[in-house]
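These are the residues of each chain, in order.
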Amino acid sequence: GAVVSQHPSRVICKSGTSVKIECRSLDFQATTMFWYRQFPKQSLMLMATSNEGSKATYEQGVEKDKFLINHASLTLSTLTVTSAHPEDSSFYICSARDHILATGVGDTQYFGPGTRLTVL
Amino acid sequence: AQSVTQLDSHVSVSEGTPVLLRCNYSSSYSPSLFWYVQHPNKGLQLLLKYTSAATLVKGINGFEAEFKKSETSFHLTKPSAHMSDAAEYFCVVSGASGNTGKLIFGQGTTLQVKP
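Residues numbered from 1 in each chain as written. Chains lettered and ligands numbered in written order. Predicted model: local features only at pLDDT ≥ 70, side-chain atom pairs only at ≥ 80, totals over all residues. Heavy atoms only, no water.

**So, the overall build of chain A**
Our working definition: Secondary structure elements follow DSSP: runs of H or I no shorter than four residues count as helices, runs of E no shorter than two count as strands, and numbering proceeds from the N terminus. Our radius of gyration looks at C-alpha atoms and nothing else; its globule reference is 2.2 Å times the residue count to the power 0.38. Buried, partly exposed and exposed residues are distinguished by accessible area as a fraction of the type maximum, computed with a 1.4 Å probe on protein chains only: under 20%, between the cut-offs, and over 50%, respectively. Each accessible area value is a Shrake-Rupley result obtained with a 1.4 Å probe; residue values ignore everything except the protein chains displayed when judging cover. Residues counted as positive are Lys and Arg, residues counted as negative are Asp and Glu, and His and the chain ends are not counted. Every charge is mapped onto a representative atom, which is NZ of Lys, CZ of Arg, CG of Asp or CD of Glu.
Per the secondary structure count, chain A includes zero helices and 11 strands. The order of α-helices and β-strands along chain A, N terminus first, is β-β-β-β-β-β-β-β-β-β-β. A compact globule built from 120 residues would reach a C-alpha radius of gyration of about 14 Å, and chain A, at 14 Å, matches this within 12%. Looking at chain A as a whole, 51% of its 120 residues are labelled buried. Put simply, chain A shows about 5,700 Å² of open surface, and 53% of that area lies on carbon and sulfur atoms. For chain A, the separation between the mean place of its 11 positive charges and that of its 10 negative charges on side chains is 7 Å.

Below, the structure written as structure tokens:
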């Protein structure tokens, strides 16, 4: 149980194009999902909190117009990197909290396998 | 505010010897603490978590961690390292109080296991 998938696992695109990454909770419902990016040999940096049916909450320094987040259902959140540039190349990871079990700060987050984005 | 510091960026052990990965935390609230493991180009897997119950927490694959409030530490240990334990390990603390669910990650410790 508690499986989170991401699609695609790897994407290469040209500079200036947009890329959509999907994050799905496969066997549980998630009102809240989180998007992280990870640079090589570095830790995860939280980009935004995705809330089902409402606007995402972005961390300081993250451009909301560049990283569009949509959380249209309890099992799907999408991250769209708009007008991608080489500096957007990174490993993007999502996580999800179980809606039914969520009680507070001790909740376990389940992580997806990540998406490797390379912008040429 | 919450923060977490992993004291070693890289730890190298021989197969069959004990593993110790150190983590100190800072929190204004009673923290929830986690250890996650990440294998190369993979997502994160939860090893164990502490949420104000027993201070000695047992996790998967023989790992355990002890919450020590007086030392603000949550070190990860394993009695005997296996080659498959080689990976990146993250100590994580929950964010501010309330139901935000935000996690704060340490910088990570790379565990190398030598044959």
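What follows picks up the thread again.
**Describing the nonpolar core**
One recurring pattern in soluble globular proteins: nonpolar side chains tend to sit buried together. All names here are of chain B. Convention followed: Remark: nonpolar core denotes a set of buried residues (Ala, Val, Leu, Ile, Met, Phe, Trp, Tyr, Cys) joined through side-chain atoms within 4.5 Å. Whether two residues are in contact is decided by their heavy atoms: any pair within 4.5 Å suffices.
One finds Trp-35, Leu-48, Phe-74, Leu-76 and Tyr-89 to be the most contacted residues of the largest nonpolar core, which totals 26 residues. Examining the composition of this core, we find that four residues originate from one element, strand 10 (residues 87-94), more than from any other. With sequence-adjacent residues up to four places away left out, Leu-48 is seen in contact with Leu-33, Phe-34, Trp-35, Val-57, Lys-58, Gly-59, Phe-63, Glu-64, Ala-65, Phe-74 and Leu-76.

**Overview of the pairing of strand 10 of chain B**
Residues and elements named next belong to chain B. Defined as follows: When DSSP finds two or more bridges between two strands, those strands count as paired.
Of all eight residues in strand 10, eight are buried, a share of seventy percent or more. The pairing of strand 5 (residues 33-38) with strand 10 spans six bridges and is classified as antiparallel. Bridge pairing in strand 10 links Tyr-36 to Phe-90. Note that strand 10 and strand 12 (residues 109-114) share three bridges and pair antiparallel. For Glu-88, the partnering residue across the bridge sits in strand 12 and is Thr-110. Direction of pairing for strand 10 relative to strand 11 (residues 103-105): antiparallel, over a ladder of three bridges. Its bridge partner lying in strand 11, Ser-94 is registered against Leu-103.

**Considering the state of the cysteines**
Inclusion rule: Cysteine sulfur atoms that pair up within 2.5 Å are treated as a disulfide.
Evaluation of the coordinates by the stated rule reveals two disulfides over all chains. Two residues share a disulfide in this structure: A:Cys23 and A:Cys94, whose sulfurs sit 2.0 Å from each other. The chirality of the disulfide connecting A:Cys23 with A:Cys94 is right-handed, given an S-S dihedral of about 80 degrees. Here A:Cys94 lies in strand 9 (residues 90-97) and A:Cys23 lies in strand 3 (residues 19-25), a separation of 71 residues in the sequence. Take A:Cys23 and A:Cys94: they sit in the same class, and that class is buried. Across a sulfur-sulfur distance of 2.0 Å, B:Cys23 and B:Cys91 are joined as a disulfide pair. The sign of the -70 degrees torsion about the S-S bond sets the B:Cys23-B:Cys91 disulfide as left-handed. Here B:Cys23, found in strand 4 (residues 23-26), pairs with B:Cys91, found in strand 10; they are 68 residues apart in sequence, far enough to count as distant.

**Regarding the packing of aromatic side chains**
The following threshold applies: Stacked, tilted and edge-to-face are the three classes assigned to paired rings of Phe, Tyr and Trp, where Trp is represented by its six-membered ring and a pair needs centres within 6.5 Å; plane angles under 30 degrees give stacked, over 60 edge-to-face, the rest tilted.
In the structure shown here, the tally under the stated rule is 13 aromatic pairs over all chains. Ring centres of A:Tyr36 and A:Phe111 lie 5.7 Å apart, and the angle between their planes is 40 degrees; on these two criteria the pair is classed as tilted. Separated by 75 residues along the polypeptide, A:Tyr36 in strand 4 (residues 32-38) and A:Phe111 in strand 10 (residues 109-111) bring together distant segments of the chain. Plain terms: the ring middles of A:Phe111 and B:Tyr36 are 5.0 Å apart, the flat faces sit at 75 degrees to each other, and that makes the pair edge-to-face. Of the two residues, A:Phe111 is situated in strand 10 and B:Tyr36 in strand 5; the pairing between them involves two chains. Classification of A:Phe111 by relative accessible area gives buried; the value is 9%. Aromatic rings pair up to connect A:Tyr36, A:Phe111, B:Phe34, B:Tyr36, B:Phe90 and B:Phe105 into one cluster.

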